[in-house]
2 protein chains.
Amino acid sequence: MNGAERLIATAVEDGVEICFANPGTTEMPLVLALDSVGGMRGVLCLHENVCTGAADGYARLAGRPALALLHLGPGLANGLANLHNARRARSPVVAVVGDHASWHLSADPPLAMDIESAARPVSDWYREIASPETLAADTRAALAAARSRRGGVATLVVPHDHQQAREVGPAPLLAPEPFPPLDPARIERTAARLQGAKSACLFLGGRALWGAGLAAAGRIAARLGAELLCETGFARLETGRDRPRVNRLPYFPEQAQEVFDRFDTVVLCGARPPVSFFGYGHLPSRYLSGHPGAVTLAGPEEDAAAALEGLAEALDAPPAAAAEGAAPPPEPRGSLDTERLAAAVVRHLPEGGVVVLTAVSSAAPFSRLAHTARPHTQIALTGGAIGEGMALAIGAAFARPGIRILHLEADGSAAYLPQALWTQAREGLPVTTVVCANRAYRILRIELDRAGIERPGEQTGRLTDLRRPAIDWPEVARGFGVPGEAVDTAEELAAALERAAASDGPYLIEARLP
Amino acid sequence: MNGAERLIATAVEDGVEICFANPGTTEMPLVLALDSVGGMRGVLCLHENVCTGAADGYARLAGRPALALLHLGPGLANGLANLHNARRARSPVVAVVGDHASWHLSADPPLAMDIESAARPVSDWYREIASPETLAADTRAALAAARSRRGGVATLVVPHDHQQAREVGPAPLLAPEPFPPLDPARIERTAARLQGAKSACLFLGGRALWGAGLAAAGRIAARLGAELLCETGFARLETGRDRPRVNRLPYFPEQAQEVFDRFDTVVLCGARPPVSFFGYGHLPSRYLSGHPGAVTLAGPEEDAAAALEGLAEALDAPPAAAAEGAAPPPEPRGSLDTERLAAAVVRHLPEGGVVVLTAVSSAAPFSRLAHTARPHTQIALTGGAIGEGMALAIGAAFARPGIRILHLEADGSAAYLPQALWTQAREGLPVTTVVCANRAYRILRIELDRAGIERPGEQTGRLTDLRRPAIDWPEVARGFGVPGEAVDTAEELAAALERAAASDGPYLIEARLP
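Residues numbered from 1 in each chain as written. Chains lettered and ligands numbered in written order. Predicted model: local features only at pLDDT ≥ 70, side-chain atom pairs only at ≥ 80, totals over all residues.

Section: the overall build of chain A
So, step 1. For chain A, the helix and strand inventory stands at 20 helices and 18 strands.
So, step 2. Computed over the C-alpha atoms, the radius of gyration of chain A is 23 Å, within 12% of the 24 Å expected from 2.2 N^0.38 for a compact globule of 514 residues.
So, step 3. Considered along the principal axes of its C-alpha atoms, chain A spans approximately 65 × 60 × 45 Å.
So, step 4. Restricting to contacts in chain A with at least 6 residues of sequence separation, those with at least 24 account for 80%. (Helix = DSSP H or I, 4+ residues; strand = E, 2+ residues; numbered from the N terminus. Rg over C-alpha atoms; globule rule 2.2 N^0.38 Å. Contact = placed C-beta atoms within 7 Å.)

Structural data, given as structure tokens:
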């Protein structure tokens, strides 16, 4: 095997099955290795941020890494924003960056760049393969880093000559670093605190929001009458009827602070201490900085699911929480607004569905209603770098074959990566994209309101407006090979969602909002 | 004035007139300052790489900086690839990055990132404004750095609280660093070398490719019978009938090496020593490394135009080179190929036009024919980070009001930043985009041929193919508000170019190539 083949073969042995790629000349040996090695599927994306966002979406639902294959420093640069989101999600992602032949770098060719400096801000682990002798071990180390308890982005840089090196040997499998052992005393102390609480909530993140972790959280909540809260930008959330109800922390700081102020006890599990998205002079950065009853059961690098199970036992919580089974909203009628849009989507969602939730201002009503939908999984924007949704949906579709992905996206964000639709079309992915078209960077308008600016000037108006011209989303989608339509009413939206569900591949719905 | 107003006012005093912006919450004071200060136009772009690419295009033709206003680390990350191109072009660009309030950063909010580490690889100058007291002086320093003889990208990071600080004072204008004085002995030595040469060429870059520099180069070439060559990825080239003929160095290394091997004397002026785009084991990185007759008249950080004028005097070159006046190709007919496409475009180009030349494999015939067109200006891809063209065209249109910009782009590249078309539509910019649609990453197919791989495997085929599905470019353009059409023949292309020229705003032509 040459170096490129060894790298691919090593990843395949580690269980990697898919590579989202935008290759260039320096990655051609790796592309050829996909054919000669076998076992890994290459998926072409027309922009590197599609590659990295798709790898993030895949990792969140599959729980194991995909590769993102990127071309040199500029290719990595194009994919950085979604690696930032992946890092914030603690998604196991391995970014493989081809580099110039090692002997060619000193010539400073046009595409040369300080790759390490660009990669470090988004990489939990970084290494450049220094020789063919270490190639397999370096690849193992990258995969183990991505799959460690900490999770996150591993960036592996592979010079072109090392890809071409002949007879490159293997390296033994590396086990990912496990979670540190849980401290039983911490569980006991937390149980005691909760038993003495008058009003308690569990603030959940990471592995506390799905599977065994969420089930244990639900038992605890039912036992104590506590509320379950989750991070605004969660990586993965299981919700819907019959599942423990988890309320999403509001985006705006006054509302978020108000939520925490309702509780005398806040238990953090799998989540970082919550902070405001932005700093506002009159508000603290950290919502819990002055809170007397905040305790941490498990940090984001600990086994939050096991900690919750231990806590449920310590509290003698009955094994299965009673289903809440809240009724979904009535069928919405009339002109679309965000409430009616949310109701239509909630009623439509099939059991076991996946929602990619990257809209912000348009998605708040959906988040409030989602617990009344059929049981489903959501993935959200973790790092705030907008425009990831269409790429996340690609990854989600590969991680959950046979399941239709519903993507709720804002129009400002949707304009970031429209070429992701092409990959959805090429691969025939069952993704329904709902573009919430309010024709503005609405969040900025809200910020202007919040700052007391009632009549912004002409330039401010233009720089926050998407109305002139209005993007025709179905036309953009058709251009990239995805059918679509625009809807103005709740009834039209419901019908369009049905048409999308009945189709084999991707479908885009422009939901025209006021 | 608050800090944001002071920053904008300082830039306006320095002669900055335009700001390509994709703002977020942390940049709102700067957006509001565009209204309250006046004198600077904000242009909304829907992706940060559009902002930075437009600033690059503007700077190349206007010769002075535009601002690119970017949102935090992730916004900068999205704009890095075109800052890389701008750095390689030595374009005076000032990237203004809003950051979190300085007191909020320690909370590590979701969008926080190590901005400096991400910015350094593309920044010739970097500074974070540490306090309102230094804000104006820091802004002056950024502008002076961008406008220095060296040229290049200055990145200025402005925390949100410093933007909001009140009564922020001014700072005196800073003159940009001038060129170092020329060494007359070097000019004399170069003249002597050229007079003793049997076959000489001048390898030109930077300021040697337009205006006084190019005129002097033309005089020298005519006097000696020398050939003028330019960098493959030049920043700005003036060419066409009645101008000195400059041949573009071929992209592929065998051809480029062959060109240099034809000369016993190669004089570098304004250009770095030429290197291969990529390293191939059987070829050297540096085309001139073994060349006995290579001399440098002026490096890219020196005043190449003045050096050429001095050289022309030293050689007693007559003041005006005789016009070559080569005839344009005959009107092409029949199915489009890259030769016919080039002929149609060359015949169509108006005097004083601007060509954005970012296609690679499809543009070689155009580059060979361009000296037969009416006199015009070209800007090309300098750093090899593809996808900049639509953004360069935006900047070019603002730098040259009233002139129609012709943009020759490959389809693989065009898929990178299609949302740039929206800004073209909003601003009514006279840009004709010709997408050379060969439905492949053709350059990679050529690399496979070069590597002797005749029948690539199934995955390699798919990862270099853009055919399934074929992007419908006129539909994508219409979605973003730009009219367009597809053409299959040279006659249709000629008619479409005329329709585009007769329109007020942007127009897209999909030229279907084999």
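More follows now that the structure is in view.
A word on the pairing of strand S12 (residues 294-298) of chain B
The side chains of a regular strand alternate, residue by residue, between the two faces of the sheet.
Residues and elements named next belong to chain B.
So, step 1. Here S12 lies mainly inside the structure; four of its five residues are buried.
So, step 2. As judged from the four bridges shared by strand S11 (residues 265-269) and S12, these two strands associate in the parallel manner. Residue pairing for S12: Cys269 is matched across the bridge by Ala298. (Buried ≥ 20, exposed ≤ 12 C-beta atoms within 10 Å, placed from the backbone. Pairing = 2+ DSSP bridges.)

Some remarks on the sheet that holds strand S10 (residues 246-248) of chain A
Residue and element names in this part refer to chain A.
So, step 1. Overall, parallel pairing links the five strands, which are arranged S10-S8-S7-S11-S12 in an open sheet. Two strands lie at the open edges of the sheet, namely S10 and strand S12 (294-298), each paired on one side alone. Recorded for the sheet is a direction-independent mean angle of 30 degrees between the axes of neighbouring strands. (Axes fitted to C-alpha atoms, helices over the stretch in contact; angles between N-to-C directions.)

Here's the deal with unusual backbone geometry
Peptide bonds are trans in most cases, and residues, glycine excluded, mostly fall at negative phi.
So, step 1. For the bond from A:Arg468 to A:Pro469, the omega torsion is -5 degrees, close enough to zero to count as cis.
So, step 2. Tracing the sequence through the fold places A:Pro469 in the loop between helix H18 (458-463) and helix H19 (473-479).
So, step 3. Even without a glycine there, the phi angle at A:Asp242 is positive, about 75 degrees.
So, step 4. Structurally, A:Asp242 can be placed in the loop between strand S9 (237-239) and S10.
So, step 5. Despite not being glycine, B:Asp316 shows a phi value in the positive range, around 55 degrees.
So, step 6. Take B:Asp316: it is sitting in the loop between helix H11 (304-314) and helix H12 (338-348).

What about the packing of helix H8 (residues 184-195) of chain B against H11(B)?
Working note: a packed helix pair is described by the angle between its axes plus the distance between those axes.
Residues and elements named next belong to chain B.
So, step 1. Where H8 meets H11, the closest approach of the two axes is 9 Å, and the angle between their N-to-C directions is 55 degrees. Our classification of the angle between H8 and H11 gives oblique. When you trace H8 past H11, the crossing you get is right-handed. Between H8, through Ile187, Glu188, Thr190 and Ala191, and H11, the contact on the second element is made entirely by Ala307, Gly310, Leu311 and Ala314.
So, step 2. Residue classes in the contact of H8 with H11 are distributed as five nonpolar, two polar and one charged. (Parallel < 35°, antiparallel > 145°, perpendicular 65-115°, else oblique. Left-handed = near helix turned anticlockwise from the far one by under 90°. Nonpolar A, V, L, I, M, F, W, Y, C, P; charged D, E, K, R; others polar.)

Digging into the relation of the copies chain A and chain B
So, step 1. Least-squares fitting of chain A to chain B yields an RMSD of 0.0 Å, with the superposition described by an axial translation of 0.0 Å and a rotation of 180 degrees. The relationship between the two copies is best expressed as a two-fold rotation axis.
So, step 2. A share of 100% of interface residues in chain A that are also interface residues in chain B marks the association as one of identical surfaces. (Least-squares fit on C-alpha atoms with pLDDT ≥ 70 in both.)

Observations concerning the domain arrangement of chain A
All names here are of chain A.
So, step 1. Taken domain by domain, chain A holds domain 1 (3-164), domain 2 (184-314) and domain 3 (338-512).
So, step 2. The distance between the C-alpha centroids of domain 1 and domain 3 comes to 29 Å.
So, step 3. Each side of the interface is counted separately: domain 1 has 25 residues, and domain 3 has 22 residues.
So, step 4. Of all the secondary-structure elements, those providing two or more residues to the side of domain 1 that touches domain 3 are strand S2 (41-44), helix H3 (48-62) and helix H4 (72-89).
So, step 5. Classifying every residue of the side of domain 1 that touches domain 3 by side-chain character gives 14 nonpolar, seven polar and four charged. (Domains from an automatic or database assignment.)

Some words on the pairing of strand S3 (residues 66-71) of chain A
Residue and element names in this part refer to chain A.
So, step 1. Counting buried positions along S3 yields six of six residues, so the element is predominantly enclosed.
So, step 2. Neither face of S3 is exposed, since Ala66, Ala68 and Leu70 on one face and Leu67, Leu69 and His71 on the opposite face are all buried.
So, step 3. The pairing of S3 with strand S4 (residues 93-99) spans six bridges and is classified as parallel. In the sheet register, Leu70 faces S4, and the bridge partner there is Val97.
So, step 4. The parallel pair S3 and S4, bridged by H4, forms a crossover whose chirality is right-handed. (Right-handed = clockwise from strand over helix to strand, strands pointing away.)

Some points on the sheet that holds strand S3 (residues 66-71) of chain B
As a general point, the strands of a sheet are linked pairwise by backbone hydrogen bonds and lie either parallel or antiparallel.
Residue and element names in this part refer to chain B.
So, step 1. The sheet built from six strands is open, its strands ordered S2-S1-S3-S4-S6-S5 with parallel pairing. The sheet is open, and its two edges are formed by strand S2 (41-44) and strand S5 (125-128), each paired on a single side. The average angle at which neighbouring strand axes cross in this sheet is 20 degrees, direction not considered.
So, step 2. Two elements, strand S1 (residues 18-21) and S3, share three bridges in a ladder whose sense is parallel. Paired with Ala21 across the strands is Leu69, a residue of S3.

Regarding the interface of chain A and chain B
A common way to report how large an interface is uses the accessible area buried once the components associate.
So, step 1. Of the residues lining the interface, 75 residues belong to chain A; the matching set on chain B comes to 75 residues.
So, step 2. No other element matches the eight residues that H4(A) contributes to the side of chain A that touches chain B.

Side note on the environment of A:Ala396
Residues and elements named next belong to chain A.
So, step 1. Note that Ala396 resides in helix H14 (residues 389-399).
So, step 2. What makes Ala396 buried here is the crowd of 27 C-beta atoms within 10 Å.
So, step 3. Each C-alpha atom, one on Ala396 and one on Pro170, is 31 Å from the other, the two residues being 226 residues apart in sequence.
So, step 4. Excluding anything up to four places from it in sequence, Ala396 contacts Gly57, Leu61, Val354, Val356, Ile379 and Ile405.

Quick notes on the environment of A:Gly169
Residue and element names in this part refer to chain A.
So, step 1. Mapped onto the elements, Gly169 comes out in the loop between helix H7 (160-164) and helix H8 (184-195).
So, step 2. For Gly169, a count of 11 C-beta atoms within 10 Å puts it in the exposed group.
So, step 3. Along the chain, Gly169 and Leu7 lie 162 residues apart, while their C-alpha atoms are 10.0 Å from each other.

Overview of H8(A)
Residue and element names in this part refer to chain A.
So, step 1. Taking 1.5 Å per residue, twelve residues should reach 16 Å; H8 reaches 17 Å between its end C-alpha atoms and fits that length.
So, step 2. Among all positions in H8, only Ile187, Thr190, Ala191 and Leu194 are buried. The buried side chains of H8 occupy one side of the element, clustering within an arc of 100 degrees when seen end-on. Seen from the open side of H8, the exposed residues pointing more than 90 degrees away from its buried face are Ala185 and Ala192.
So, step 3. Looking at the buried positions of H8, the neighbouring elements they touch are strand S7 (200-204), helix H9 (211-224), strand S11 (265-269), S12 and helix H11 (304-314). (Expected span 1.5 Å × (residues − 1). Arc of directions from axis to C-beta.)

Let's talk about the nonpolar core
So, step 1. Counting residues in each nonpolar core, the largest one holds 373 residues, and the members touching the most others are A:Leu202, A:Leu204, A:Cys269, B:Leu202, B:Leu204 and B:Cys269.
So, step 2. Setting aside chain neighbours within four positions, we find B:Cys269 in contact with B:Leu202, B:Leu204, B:Ala208, B:Leu297, B:Ala298, B:Ala304, B:Ala307 and B:Leu308. (Core = buried A, V, L, I, M, F, W, Y, C linked by C-beta atoms within 7 Å.)

Some words on H12(B)
Residues and elements named next belong to chain B.
So, step 1. Of all the eleven residues making up H12, nine are buried; the element is thus mostly covered by neighbouring parts of the structure.
So, step 2. Listed as buried for H12 are Thr338, Arg340, Leu341, Ala342, Ala343, Ala344, Val345, Val346 and His348.
So, step 3. Where H12 is buried, its residues contact helix H13 (364-369), strand S15 (405-410), strand S16 (431-437), helix H20 (490-502) and strand S18 (507-512).

Topic: the packing of H3(A) against H4(A)
Residues and elements named next belong to chain A.
So, step 1. Relative orientation of the contacting elements H3 and H4 amounts to 20 degrees, with a least axis distance of 6 Å. One way to sum up the angle between H3 and H4 is to call them roughly parallel. Our pair here, H3 against H4, has a crossing hand that is right-handed. Across the interface between the two elements, Glu48, Asn49, Cys51, Thr52, Gly53, Ala55, Asp56, Ala59 and Arg60 from H3 touch Gly75, Asn78, Gly79, Ala81, Asn82, Leu83, Asn85, Ala86 and Ala89 from H4.

What about the environment of B:Leu463?
So, step 1. For B:Leu463, the location among the structural elements is in helix H18 (residues 458-463).
So, step 2. Each C-alpha atom, one on B:Leu463 and one on B:Pro132, is 50 Å from the other, the two residues being 331 residues apart in sequence.
So, step 3. Other than its neighbours up to four places away in sequence, B:Leu463 contacts A:Ala21, A:Pro23, A:Val31, A:Gly42 and A:Leu44.

Side note on the confidence of the model for chain A
So, step 1. Of all residues in chain A, 99% have pLDDT values of 70 or greater, and the mean over the chain is 95.
So, step 2. Here the complex is predicted with pTM 0.98, and the ipTM for its interfaces comes to 0.97. (pLDDT = per-residue confidence, 0-100.)

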